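If you want the building blocks of each chain, they are given just below.
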Amino acid sequence: MRIALCDDDKRYHTRMEHLLTHFFAKQKISDYEIRTFFSGRDLLQAFMPTAYDLIFLDVIMPELNGFQTAEQVRQVDAQVNLVFVTNLRNYVQKGFEYNAKGYLYKDVDQNQIDSLLERLLSEQQHRWDNSYQVRLKNEHVNSFLDLTEILYFEIHNKDTYGITENDTFIFRKELGNVEEDLKNRGFLRIHRSYLVNVNKIFKKFNNFVTLRNGTEIPISRKYKPFVNEKLKGRWK
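So, here is what we can say about the structure in this document.

Conventions used here
Residues numbered from 1 in each chain as written. Predicted model: local features only at pLDDT ≥ 70, side-chain atom pairs only at ≥ 80, totals over all residues. Heavy atoms only, no water. Pairing = 2+ DSSP bridges. Helix = DSSP H or I, 4+ residues; strand = E, 2+ residues; numbered from the N terminus. Axes fitted to C-alpha atoms, helices over the stretch in contact; angles between N-to-C directions. 1 Å grid on protein atoms, 1.4 Å probe; cavity = no way out; pocket = protein on both sides within 12 Å on 5 of 7 lines; lining within 4 Å. Points joined across faces, edges and corners; volume = space filled by probe spheres on them. Contact = heavy atoms within 4.5 Å. Polar contact = N/O pair within 3.5 Å; in protein donor to acceptor, adjacent residues only side chain to side chain. Core = buried A, V, L, I, M, F, W, Y, C linked by side-chain atoms within 4.5 Å. Buried < 20%, exposed > 50% of the residue type's maximum accessible area, 1.4 Å probe, protein only. Salt bridge = Lys/Arg side-chain N within 4 Å of Asp/Glu carboxyl O. Expected span 1.5 Å × (residues − 1). Arc of directions from axis to C-beta. Parallel < 35°, antiparallel > 145°, perpendicular 65-115°, else oblique. Left-handed = near helix turned anticlockwise from the far one by under 90°. Nonpolar A, V, L, I, M, F, W, Y, C, P; charged D, E, K, R; others polar.

Read from one edge to the other, the open sheet built from 5 strands follows the order β10-β9-β8-β12-β11, with strand pairing classed as antiparallel. Here the strands that pair on one side only, and so sit at the sheet edges, are β10 (168–171) and β11 (187–191). Neighbouring strand axes in the sheet, compared pairwise and without regard to direction, differ in orientation by 25° on average. As judged from the 4 bridges shared by strand β9 (residues 159–163) and β10, these two strands associate in the antiparallel manner.

Here it is as structure tokens:
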């Protein structure tokens, strides 16, 4: 987990680093990083999309306060977890305008940190298990495609299309690379141009599969033996 602490109080950094480090030690997690920033401006100058999984933002800071900083963060990264920290209790509701994951007071203790991080790690794992991170065409931030909603991926020229019942997501990636990324995650290559969500297949016929929404996808001669083996016994 990659964490940024943004606060103009050095004592707060020291305390939070201690609490966070203690949590990761208890959980036997070694793959984490904590970076500290003393102003919103410093954070934004170093910030890039997907650079952090979690940012703790002090509400009251000079020049840019926590909410102003969060507003600029959200313009380039809609996914990063934000947690606001303050001694003031009348700003709680405003924090959720930025899709905050929490609001902590500066007298935060170990139990509160443990509870917050356990929840966020659980949510993160769930998102990883059920999503696919891509940079959509003509966008500047990464997005997470919900794999439970994807019917199939299709390559067209140099773009890959992720198709759901209601949306089409376009990104620049070879279908073979998508197939490798999603290995053992329920997707089956049935044609040089198609990678299908197995859970969305309603029926397999001789030369095509029919998806649950009625879409028919061809099975190429090259992939037919492989598809037959993978789907053997699925329908009686």
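Another point: the layout of surface pockets. Its volume calculated, the largest pocket comes out at about 260 Å³. Along the wall of the largest pocket there are 14 residues; nearest its centre are Asn 184, Phe 187, Leu 188, Phe 226 and Lys 230. For the lining of the largest pocket, the elements supplying multiple residues, two or more each, are β11 and α7 (224–230). Ranked by residues supplied to the lining of the largest pocket, first place goes to β11 with 3 residues.

Okay, the environment of Arg 172 next. The topology assignment puts Arg 172 in the loop between β10 and α6 (175–181). Linking Arg 172 and Leu 136, residues 36 residues apart in sequence, is a C-alpha distance of 7.4 Å. Among all residues touching Arg 172, those that are not within four sequence positions of it are Arg 135, Lys 137, Lys 158 and Asp 159. Only 3.3 Å separates the side chain of Arg 172 from the backbone oxygen of Lys 158, close enough to count as a polar contact. Within the structure, Arg 172 has its side chain in polar contact with the side chain of Asp 159 (distance 2.7 Å).

Below, the discussion takes up the nonpolar core. For soluble globular proteins, nonpolar side chains are generally found buried alongside one another. Of all hydrophobic cores here, the largest spans 21 residues; its most connected members are Leu 43, Tyr 52, Ile 55, Leu 57, Val 73, Leu 82 and Phe 84. Listing elements by their share of this core, those giving two or more residues are β1 (2–6), α2 (40–46), β3 (54–58), α3 (66–76) and β4 (81–86). Of the residues forming this core, the biggest block, 3 residues, is contributed by α3. Those residues in contact with Tyr 52, other than ones at most four positions away along the chain, are Arg 2, Ile 3, Ala 4, Arg 35, Phe 37, Leu 43, Phe 47 and Val 80. Listed in part, the 19 residues of the second largest apolar core include Leu 19, Leu 20, Phe 56 and Ile 113.

Next up on the list: the pattern of salt bridges. Summed over the entire model, instances satisfying the criterion amount to 13 salt bridges. With a closest N to O distance of 3.2 Å, Arg 41 and Glu 63 form a salt bridge. With Arg 41 in helix α2 and Glu 63 in the loop between β3 and α3, the pair connects residues that are 22 residues apart, well separated along the chain. Using a relative accessible area of 31% as the deciding quantity, one classes Arg 41 as partly exposed. Take Glu 63: its relative accessible area is 61%, and that puts it in the exposed class. Of the charged contacts, one joins Lys 106 and Asp 58 as a salt bridge, the two residues approaching to 3.5 Å between their closest N and O atoms. Within this pair, whereas Lys 106 is found in the loop between β5 (102–105) and α5 (110–129), its partner Asp 58 is found in strand β3, the two being separated by 48 residues in sequence. Residue Lys 106 is classed as buried on the basis of its relative accessible area, which comes to 19%. Each member of the salt-bridge network shares a partner with another, and the members are Asp 7, Asp 58 and Lys 106.

For the rest of this paragraph, the subject is helix α1 (residues 10–26). For α1, which comprises 17 residues, the first-to-last C-alpha distance of 25 Å matches the rise-based estimate of 24 Å (1.5 Å per residue) to within 8%. Among the residues of α1, Tyr 12, His 13, Met 16, Leu 19, Leu 20, Phe 23 and Phe 24 are the ones counted as buried. For α1, the angular spread of the buried residues around the axis is 140°, confining them to a single face. Looking at α1, the residues exposed on the side facing more than 90 degrees away from the buried face are Lys 10, Arg 11, Thr 14, His 18 and Ala 25.

A few words now on the packing of α1 against α5. Where α1 contacts α5, the axes come no closer than 10 Å and their chain directions differ by 60°. Accordingly, the angle class assigned to the pair α1 and α5 is oblique. Seen along the crossing, α1 lies across α5 with a hand that is right-handed. Where α1 abuts α5, its residues Met 16, Leu 19, Leu 20, His 22, Phe 23, Phe 24 and Lys 26 lie against Gln 110, Ile 113, Asp 114, Leu 117, Glu 118 and Leu 121. When grouped by side-chain class, the residues that make up the contact of α1 with α5 number 8 nonpolar, 2 polar and 3 charged.

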